Amino acid sequence: MGSLLSRLGLECGAKEVKEEERNIRANDREYNLSYKYANNAIKTSKYNIFTFLPLNLFEQFQRLANAYFLFLLCLQLIPDISSLSWFTTVVPLVLVLAMTMAKDGSDDIVSACSAQDQKHEPLNLVYIETAELDGCVSVLPASEFDVCVCLCVYTCISFKDPLSLFALLLFSSSSETNLKVKQGLTVTGELEDSIEKLASFDGETGNKMDTWSPLRSLHLLESKYFWSVCYPFPEPLCPCLGQVRCEPPNNRLDKFTGCLSLDGAMYSLDNEKILLRGCTLRNTQWCFGLVLFGGPDTKLMQNCGKTTFKRTSIDRLMNVLVLSIFGFLAIMCLILAIGNGIWEYQEGATFAAFLPKPEGVNPPFSAFLTFWSYVIILNTVVPISLYVSVEIIRLGNSFYIDWDRKMYYPKNDTPAQARTTTLNEELGQIKYIFSDKTGTLTQNIMTFNKCSINGKSYERVDFSWNKLADPKFWFHDHSLVEVVRGGNPKAHDFFRLLALCHTVMPEEKKEGELYYQAQSPDEGALVTAARNFGFVFRSRTPESITVVEMGKLVTYELLAVLDFNNVRKRMSVIVRSPDGRLTLYCKGADTIIFERLHPSSKNEYAGDGLRTLALAYKDIDLNYMEDWKKRHHEASTGMEQREEKLDALYEEIEKGLLLLGATAVEDKLQDGVPQTIEQLAKADIKIWVLTGDKQETAENIGYSCNMLREEMTEVFIVAGNTAEEAYALEKDMQKELLRTACMCQTVICCRVTPLQKAQVVELVKKYKQAITLAIGDGANDVSMIKAAHIGVGISGQEGMQAVLSSDYSFAQFRYLQRLLLVHGRWSYLRMCKFLRYFFYKNFTFTLVHFWYGFFCGFSAQTVYDEWFITLYNLVYTALPVLGLSLFDQDVNDRWSFQYPQLYAPGQLNQYFSKKAFIYTVLHSGYSSLVLFFIPWAAMYDTVRDDGKDIVDYQSFALLAQTCLLIAVNIQLGLDTYYWTAVNQFFLWGSLSVYFAVTFTMYSNGMFLIFTSSFPFIGAARNSLNQPNMWLTILITSILCVVPVVAYRFLRILLWPTINDKVRHKMRQEKAVLPAAPRRIQPRRISTRRSGYAFSHAQGYGDLVTSGRFLRRTPRSRGIVFSHTDSPLAQAKPQLYRTIVEGEEPPQIP
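Per chain, residues are indexed from 1 in the order of the written sequence. Local features in this predicted model are restricted to residues of pLDDT 70 or higher, and side-chain atom pairs are both shown and tallied only at a pLDDT of 80 or more, whereas totals for entire chains, interfaces and linings draw on every residue. Side-chain metrics rest on all non-hydrogen atoms present in the structure, leaving aside hydrogens and water.

**Here we look at the overall build of the protein**
Piece 1. Check the secondary structure of the protein and you find 37 helices and 33 strands.
Piece 2. In the protein, which comprises 1149 residues, the proportion classed as buried is 57%.
Piece 3. The contact definition used throughout considers only heavy atoms, calling two residues in contact when any of these lie within 4.5 Å. Considering only contacts within the protein whose residues lie at least 6 apart along the sequence, 76% involve residues at least 24 apart.
Piece 4. Carbon and sulfur atoms provide 58% of the accessible area of the protein, an area that totals close to 49,800 Å². Strands are runs of DSSP state E lasting at least 2 residues, helices are runs of H or I lasting at least 4, and numbering of each runs from the N terminus. Buried, partly exposed and exposed residues are distinguished by accessible area as a fraction of the type maximum, computed with a 1.4 Å probe on protein chains only: under 20%, between the cut-offs, and over 50%, respectively. The method behind every accessible area is Shrake-Rupley, applied with a 1.4 Å probe, and residues are considered shielded solely by the protein chains displayed.

So this is what it looks like as structure tokens:
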């Protein structure tokens, strides 16, 4: 029964016990199953075939508007209350529910298929299907072409490589794609793939297992179909291993604490010995793994928590307005109910002969029934189709972003992508942008530029003498080659450190053709530099590193790796050379390294805007090393405070270092970054750069991007090297920090952690009440992206995790300009126009009922035909307003770039607000008065051409609804700035459909077939053939639009907005782009110093750096960073590329 409920998506109410520690014992299935650990079954879809209909309907009726119309439907089933047929409510409600249900079902299917696609890649993959977590060992085959997708969390036992080292790609192609280094325990790696050894190996008692019980199956996956595959060893095996104790399931991707007991010895299990669900194996053919976590317990699934649903400011305003509309509806119904009670008391007896009252109905009770009758009649004031229409508009505007070729990056084949459809209009209201630096403003492609060895600086040279040199590598200083080839010990130690202290994985497909796969661009650049200078890193194992030193093959014994983390900001390795010398090599941020050695050198390249890294070493005594290694083993196998103990040991041994020198790598700006920042600043968008770099680097990036200028003499600096030092973010200092920052023209926050980035965003959101946008490219930007109203991810060198957490994504920072100034502004303008017009047409439609109540004895008689009431929002006015909301634009994209000030109205909520809503209601009130009283007065005591009376209810209803439809369509035409063939077709087509349906429904044939449903027989042909009817329609339409035209004329004449001025100029010049402004000469930049900073990732020597030291140099010196390689930006640095293109503007956005 429990299994059935689980398959139905339901759960029994068993109380969950919090897991403190996980225990897995090999060869003891009953012991492992007794813990009832989760199996590998996961659920990625929201619905299934049984729960879709009830669950989706339950969710939809949680919306106030849907629940309200369901309540109206129940009222309409009461004959004493309803004066309308049931279909007037059922048809719109069912249509809205069906459209929403189709959308939700489609999204759920896409989500489920996407999850399957992530598991089942279109390659020859091996899929491990686990029934239960029972302590058995699975084999994971892989090769250069066939890689293994891990669907559980494994601890590595044995590998094809007897030295138990391989590489993997975390989270496959759907998430972070940085290369990681993983290794298994050497003691188990020696077992290799020998079934006999694995079966006879007993980690506890030495006994052999006589039977194997197959609980796993291997399948070959190709094109999403399964085939069985055989291997030269039995596919299932349950070898005898020891016991694993580890932490309970959690979402920490960078941390794992556990230990393995074998033959009475304890071995540490950390993050480097774990294969996570979703990773792909590289550089090995197979490995054996012991499943630790399965299904929902895996770290990948633990990180797939519920994402906070982001709502736009317009959504929140709409919720308030809908509640106020309910109040307005109640007031109207109350007035009409009171009127009914008074009329029944004074005039009711007069009409008793024509309208006999049921037994027991008195004026108060009649007023009570009338109140609910008018609730039904006036229900159109509550917009049931509003939310569906809004979703359609947002979806359409999202497609425009996806289809925009000007936001497509051909180099990486990366288009822009709207990953959400609910935030488009908020792109036109951004006030603050929070940007990362590395990979966001810069290219995150490193080149080795300079180095300092023993106090002497060197620059680039020629490497033709080295057969193993990388032909793409350039370095200018020939003296450094002579120093290296001359056998300088310091120079050799310098490049030896670069060749040994890293986590790069080598690949050599052909002799001499080396390919390095690095965790960060910095490491790749540094190891490549060492390779070109004769210290070639060739291979590595968990216990050794092989280097070719000036043509001689040397293997170093790797004794320890002192891991990098965000606090340490450094990495060290301890190696034993062939002559027995023990050496610690360390590289890290200059400030960190300098604290651990005598101040005998200084950072020489920070002022050039380069990323600097200090290198140091230390010889270690053998006896001390043995003692330290023993204490290191005890700390690494402990289950409590393991990280703190290891950090203390690392701190102890990394003292008294000797400085070797420093390196400097260059990271260029992306194309168009300064121009984009300048354009956004003209749009009054505040840009804050949040970086983990030092103050000097932060200043240099400001100058390079034109955020800082020489005339800015006062620079306010707040830096927090660690989370504890960021006092400005404490509660008692937050407001002061924000007040000071808002007084500045430019804000650059340096030395901030990922958490502090999110705190800065939250600070602005909380106290400034402004719309914020965060943009980044790495995992350390995810918290900031999620904290902002809108998150933008850049698909760059640091993987896809920022993209997966974002609302919008593209490949280059410069596309942000088009996203906001074009798509965002258009989306906001269209949504505001839609809402104003939608409320106008619905209020006008409903208020005519209200005025008619005073002339029908408050009897809840409708003024329109029931079929017109049913089709008004669904057919007659649906497509024209959608055409307006999908295609309208005040100016084209080129003028939007030329005048960024057009963006300001969105920031100020000028197009739709409570004030604009009140104006719309007043406008609707005036129009409803005209639409009711002009037709009423025109038909009062009126006769036909033949002398027959035309004053009847059906003729008046037809005239009133025709005047209404034509008037609201004229208003739509006045609101439309940009006419397309689609708009014209929707507008004239809707009017044509109205007249076609009217003449059909009012025909004799429909009356004869459905007598009770179509009572308006002959009303259309008898009324619309009279000239006075068309004259009335003309006068009514003119009176409805005259105040609007007069107001807009006076406003443009006396108080023109920036939008009016630009539109007028565009019409005058016939959309010819104005001449580009003169080129501004580069400003003189004073010398600024910068420093090196690591990224905020943690793992096996994860040295992904987050700082690039960028600056613009004076005119007398060469520019360290070229702002762009494109001739366009060089010629016109102040304009976005689309401004100066000669092509015609697109006809549709």
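**A word on the pairing of strand 10 (residues 243–246)**
Two faces belong to every sheet, and in a regular strand the side chains alternate between them.
Piece 1. One requirement defines pairing of two strands: DSSP has to find at least two bridges between them. In the sheet, strand 1 (residues 22–25) pairs with strand 10 via four bridges, with the strands oriented antiparallel. For Asn 23, the partnering residue across the bridge sits in strand 10 and is Arg 245.
Piece 2. Relative to strand 11 (residues 258–262), strand 10 runs antiparallel, the two sharing four bridges. Directly across from Gln 243, in strand 11, lies its bridge partner Ser 261.

**Some thoughts on the packing of aromatic side chains**
Piece 1. Only rings of Phe, Tyr and Trp enter the pairing, Trp through its six-membered ring, and a pair is recorded when the two centres are within 6.5 Å. The plane angle decides the type: under 30 degrees is stacked, over 60 is edge-to-face, the rest tilted. Per the stated rule, a full pass over the model turns up 46 aromatic pairs.
Piece 2. An angle of 80 degrees between the planes, with centres 5.5 Å apart, marks the rings of Phe 850 and Phe 854 as edge-to-face.
Piece 3. Residue Phe 854 is classed as partly exposed on the basis of its relative accessible area, which comes to 41%.
Piece 4. Taken together, Phe 845, Tyr 864, Phe 868, Tyr 872, Tyr 876, Tyr 994, Phe 995 and Trp 1030 form an aromatic cluster joined through their ring pairs.
Piece 5. Here, a charge over a ring is recorded when the distance from Lys NZ or Arg CZ to the ring centre is within 6 Å and its angle to the ring normal is within 35 degrees. Above the ring of Tyr 37, the side-chain terminus of Arg 22 is found at 3.8 Å from the ring centroid.
Piece 6. Of note, Lys 833 hangs over the ring of Tyr 977, and the distance from its end group to the ring centre comes to 3.3 Å.

**So, the packing of helix 20 (residues 734–742) against helix 21 (residues 754–768)**
Piece 1. Axis lines are fitted to C-alpha atoms, over the contacting stretch for helices. Their N-to-C directions set the angle, which ranges from 0 to 180 degrees. The N-to-C vectors of helix 20 and helix 21 enclose an angle of 85 degrees; their axes lie 11 Å apart at closest approach. As judged from the angle between their axes, helix 20 and helix 21 are roughly perpendicular. Contacts between helix 20 and helix 21 pair Gln 734, Lys 735, Leu 737, Leu 738 and Cys 742 from the former with Leu 763, Val 764, Tyr 767 and Lys 768 from the latter.
Piece 2. Amino acid classes used here: Ala, Val, Leu, Ile, Met, Phe, Trp, Tyr, Cys and Pro are nonpolar; Asp, Glu, Lys and Arg are charged; the rest, including Gly, are polar. For the contact of helix 20 with helix 21, the class distribution of residues is six nonpolar, one polar and two charged. Convention used here: angles under 35 degrees read as roughly parallel, angles over 145 as roughly antiparallel, angles from 65 to 115 as roughly perpendicular, and any remaining angle as oblique.

**Some thoughts on the sheet that holds strand 12 (residues 265–269)**
Piece 1. Read from one edge of the open sheet, four strands run 1-10-11-12, paired in antiparallel fashion. The strands lining the two open edges of the sheet, one partner per strand, are strand 1 and strand 12. Each strand of the sheet is rotated relative to its neighbour by a mean of 20 degrees, with strand direction disregarded.
Piece 2. As paired elements, strand 11 and strand 12 share five bridges and run antiparallel to each other. Considered in strand 12, the bridge of Gly 258 is made with Leu 269.
Piece 3. Contacting strand 11 and strand 12, helix 16 (residues 622–637) runs over the sheet at an angle of about 70 degrees to strand 12.

**What about the sheet that holds strand 16 (residues 417–418)?**
Piece 1. Across the sheet, seven strands lie side by side as 16-33-32-31-17-29-30; this open sheet has mixed pairing. Every other strand in the sheet has two partners, leaving strand 16 and strand 30 (747–749) as the edge strands with one partner each.
Piece 2. The pairing of strand 31 (residues 771–776) with strand 32 (residues 790–794) spans four bridges and is classified as parallel. In the strand pairing of strand 32, Leu 773 is matched with Ile 790.
Piece 3. On the sheet, helix 24 (residues 815–853) packs against strand 17 (430–435), strand 31, strand 32 and strand 33 (808–810) and is oriented at approximately 140 degrees with respect to strand 33.

**A word on the packing of helix 13 (residues 489–500) against helix 14 (residues 521–532)**
Piece 1. Packing of helix 13 against helix 14 brings their axes to within 8 Å, and their N-to-C directions diverge by 130 degrees. As judged from the angle between their axes, helix 13 and helix 14 are oblique. Both helix 13 and helix 14 take part in a crossing whose hand is left-handed. Across the interface between the two elements, Phe 495, Leu 498 and Ala 499 from helix 13 touch Leu 526, Val 527, Ala 529 and Ala 530 from helix 14. Crossing handedness: left-handed means the near helix sits turned counterclockwise from the far one by under a right angle, and right-handed means the same turn made clockwise.

**With respect to the UniProt feature "binding site: Mg(2+)" (unreviewed entry) in the protein**
Piece 1. UniProt positions are given in the numbering used here, feature names are shortened, and annotations may be inferred rather than shown by experiment. If you check UniProt for "binding site: Mg(2+)" (unreviewed entry), the listed places come out as Asp 436, Thr 438, Asp 777 and Asp 781 in our numbering. The greatest C-alpha distance among the annotated residues, which extend across 346 residues, is 10.6 Å, indicating that they converge on a single site.
Piece 2. Looking at the secondary structure, you find Asp 777 in the loop between strand 31 and helix 22 (782–787).
Piece 3. Residue contacts for Asp 781: discarding those within four places in its chain leaves Asp 436, Lys 757 and Gly 776.

**A closer look at the side chain of Thr 440**
Piece 1. Note that Thr 440 resides in the loop between strand 17 and strand 18 (442–453).
Piece 2. Classification of Thr 440 by relative accessible area gives buried; the value is 0%.
Piece 3. With near-sequence residues (within four places) excluded, Thr 440 lies in contact with Ser 435, Gln 670, Ile 775, Gly 776, Asp 777, Ile 794 and Phe 813.

**Some words on the confidence of the model for the protein**
Piece 1. Here the protein averages 74 in pLDDT, while 71% of its residues score no lower than 70.
Piece 2. Think of pLDDT as the predictor's per-residue confidence, scored from 0 to 100. Here strand 9 (residues 225–228) stands out as the least confident element of the protein, with mean pLDDT 27; helix 24 is the most confident, with 94.
Piece 3. Contacts of residues 1–14 to residues separated by more than four positions or lying in other chains number eight contacts, the stretch itself having pLDDT below 50.
Piece 4. Scored below 50 in pLDDT, residues 200–240 makes 101 contacts in the model with residues more than four places away or belonging to other chains.

**Structural notes on the nonpolar core**
Piece 1. Among the nonpolar cores identified, the biggest contains 98 residues, and Phe 834, Leu 835, Phe 839 and Tyr 864 are the most heavily contacted of them.
Piece 2. Of the residues forming this core, the biggest block, 16 residues, is contributed by helix 24.
Piece 3. Sequence-distant contacts of Phe 834, that is, excluding residues within four places in its chain, are made with Leu 386, Ser 389, Val 390, Ile 393, Val 881 and Ser 885. Throughout this description, the term nonpolar core refers to a set of buried Ala, Val, Leu, Ile, Met, Phe, Trp, Tyr and Cys residues connected via side-chain atoms within 4.5 Å.

**Re the state of the cysteines**
Piece 1. Only a pair of cysteine sulfur atoms within 2.5 Å qualifies as a disulfide here. A full pass over the atoms with the stated rule returns zero disulfides.
Piece 2. Of the cysteine sulfurs around Cys 501, a residue in no disulfide, the closest is that of Cys 586, at 6.5 Å.
Piece 3. Cys 501 sits in the buried class, given a relative accessible area of 0%.
Piece 4. Not part of a disulfide, Cys 1040 finds its nearest cysteine sulfur in Cys 963, a span of 8.1 Å.
Piece 5. Cys 1040 gets classed as buried once you look at its relative accessible area, which sits at 1%.

**As for a nonpolar patch on the surface**
Piece 1. Residues enter patches when their relative accessible area tops 30% and they take part in no salt bridge; the joining distance is 9 Å for like charges and 5 Å for the nonpolar side chains Val, Leu, Ile, Met, Phe, Trp and Tyr. Here, a salt bridge means any Lys or Arg side-chain nitrogen found within 4 Å of an Asp or Glu carboxyl oxygen. There is a patch of nonpolar side chains on the surface, built from Ile 331, Ile 335, Phe 854, Phe 855, Leu 929, Phe 933, Trp 936 and Tyr 940 and spanning about 750 Å² of accessible area.
Piece 2. Residue assignment for the nonpolar patch shows that the elements contributing at least two residues are helix 9 (313–347) and helix 29 (914–939).
Piece 3. Per element, the largest residue contribution to the nonpolar patch is three residues, and it comes from helix 29.
Piece 4. Its location among the elements puts Phe 855 in the loop between helix 24 and helix 25 (866–876).
Piece 5. Since its relative accessible area comes to 40%, Phe 855 is described here as partly exposed.

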